[in-house]
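Chains, contacts and geometry: an overview
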Amino acid sequence: MSRKRRHKAVYTKRKFRDEAPIEVFASIIEDSVLEQARELASMPFVFPHVALMPDAHVGMGSSVGTVFGTDGAVIPAAVGVDIGCGMIGVKTTYTSKDIEGKDLKMLRDAIEGAIPLSPGNYNAKVKRETIRARIEELQAMADENGVDLSHSPKWRQQLGSLGGGNHFIELCLDEEDSVWLFLHSGSRGVGNRIAQKHIFAAQEYCAKNWIRLPSQDLAYFVERTPEFDAYIADLHWAQRFAWLNREEMMDRFVECVADFVGRDLEEVERINCHHNYTTPEEHFGRKVWLTRKGAIRADAGVKALIPGSMGTASYVVEGTGYGPALRSAPHGAGRRFSRSKARELFTADDLASRMQGIVYRPGEAWVDEIPDAYKDIDAVMADAAKLVKITHKLRQVLNVKGT
């Protein structure tokens, strides 16, 4: 029997076992999210269970806010299209007194000039020393692992750019009035191209091997196949791109704030964490591919960041390593309404009332990001009490977003 047929036989045999359990950590959850979890749990290689985070909401392949292990397989759509999306935060030695009385609109404008915002908006030139070094690292990684980037000839210009949607740049204050720099972004257009390429390839792989699926979005690759190896190589590259993308933007953000304050910015700590990725981990005595889609790693003592929605609180946390949650925690507030529904329900005036006291660029473009379109971040954090310990609660004073 060929290797391919051997894999196929194994997974056909396991197909008829009971579904993996589902652990729910959300106090409020939609039936559609539970249905997606049941479909995912029916896959023969899911182990030990499917964990739904407090911010879980419907997504492609699996709900955003889903964590699960897979034994010998990966599901590209369940990782998501923004591979490596995540947060970076910097605590500074500045306090609220350092920005008191200053016009934060000037800082907003400086940030918008230093960091390209919005989908399709990239760096015109690659000239900074930091970005050159990061591009060299990514190019070497691609060459070494056979990552084909011909689908994204402008990936170099994308490094150090924010994107749109719920991606943001914020200046925040914690409970002691220390200044924090906070930023949310991922692997940009190149990561999306990589994800879409492999989601389609997984569907072709399953069709070619006569694999029945509860949903096309649950198409997968099996270990020790060329398709699996190609996806993992591309995935790791995209995760690294996302990580370095945040580092590059944060370096520029630091420069903008230092110029604004009028003296060098001293970093107390820097935290960078993914919340859309898969990685090998051991859970309940077995090595698996642990996928976190809209969830952060929360091993005991590990620091991470959980943002609220536009205009609300965000949190700096430490994981507790809670096993039933697969040592994971929520990645944010989680949507209540789709973007189109939010635009039906709310206006720019509604957003302005929710953003009082916070400098941002007013307009219709961000109505679908209004806090009312998201779950209550404080309720999400209450649901996550076993999963993380809160070390800082941040309040926004400046918010910068792309359209």
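Notes on the structure in this doc start here. (Residues numbered from 1 in each chain as written. Predicted model: local features only at pLDDT ≥ 70, side-chain atom pairs only at ≥ 80, totals over all residues. Heavy atoms only, no water.)

Examining the environment of A78
- Residue position: A78 is located in helix α3 (residues 76–79).
- Placed 18 residues apart in sequence, A78 and M60 show a C-alpha to C-alpha distance of 6.8 Å.
- Look past the residues within four positions of A78 in its chain and what remains in contact with it is M60, G61, S62, F68, T291 and K293. (Helix = DSSP H or I, 4+ residues; strand = E, 2+ residues; numbered from the N terminus. Contact = heavy atoms within 4.5 Å.)

Some words on the sheet that holds strand β3 (residues 64–70)
- Within the open sheet, the five strands sit side by side as β1-β2-β3-β11-β10. Their pairing is mixed. Edge positions in the sheet fall to β1 (22–24) and β10 (276–283), since each of these pairs with one other strand and no more. Direction aside, neighbouring strands of the sheet carry axes that sit 20° apart on average.
- Sheet topology places β10 next to strand β11 (residues 286–293); eight bridges connect them, and they run antiparallel. Note on β11: the bridge partner recorded for E281 is V288.
- Running at roughly 165° to strand β2 (residues 46–57), helix α2 (residues 31–41) makes contact with β1, β2 and β3 of the sheet. (Pairing = 2+ DSSP bridges. Axes fitted to C-alpha atoms, helices over the stretch in contact; angles between N-to-C directions.)

Considerations on the sheet that holds strand β16 (residues 388–401)
- In space, the seven strands of this open sheet follow the order β9-β5-β7-β6-β16-β14-β13, with antiparallel pairing throughout. The strands lining the two open edges of the sheet, one partner per strand, are β9 (267–274) and β13 (303–306). Going from strand to strand, the sheet's axes swing by 30° on average, the running direction of each strand aside.
- In this sheet, strand β14 (residues 314–319) lies alongside β13 in antiparallel orientation, the contact comprising four bridges. Looking across to β14, one finds that L305 is bridged to V316.
- Each of β6 (168–173) and β16 touches helix α5 (residues 104–114); the most contacted strand, β16, lies at about 90° to it.
- Against the sheet, helix α9 (residues 226–261) touches β5 (86–95), β6, β7 (178–185) and β9, its axis set at about 150° to β9.

Some remarks on the nonpolar core
- Within the largest apolar cluster, 48 residues are counted, with the highest numbers of intra-cluster contacts made by M53, I306, V317, L387 and V388.
- Residues contacting V317, with those up to four places away along its chain left out, are I296, V302, K303, A304, L305, I306, M381, V388, K389, I390 and T391.
- Formed by 47 residues, the second largest nonpolar core is a distinct cluster that contains I83, A202, Y205 and L218. (Core = buried A, V, L, I, M, F, W, Y, C linked by side-chain atoms within 4.5 Å. Buried < 20%, exposed > 50% of the residue type's maximum accessible area, 1.4 Å probe, protein only.)

By themselves these figures say nothing about function.
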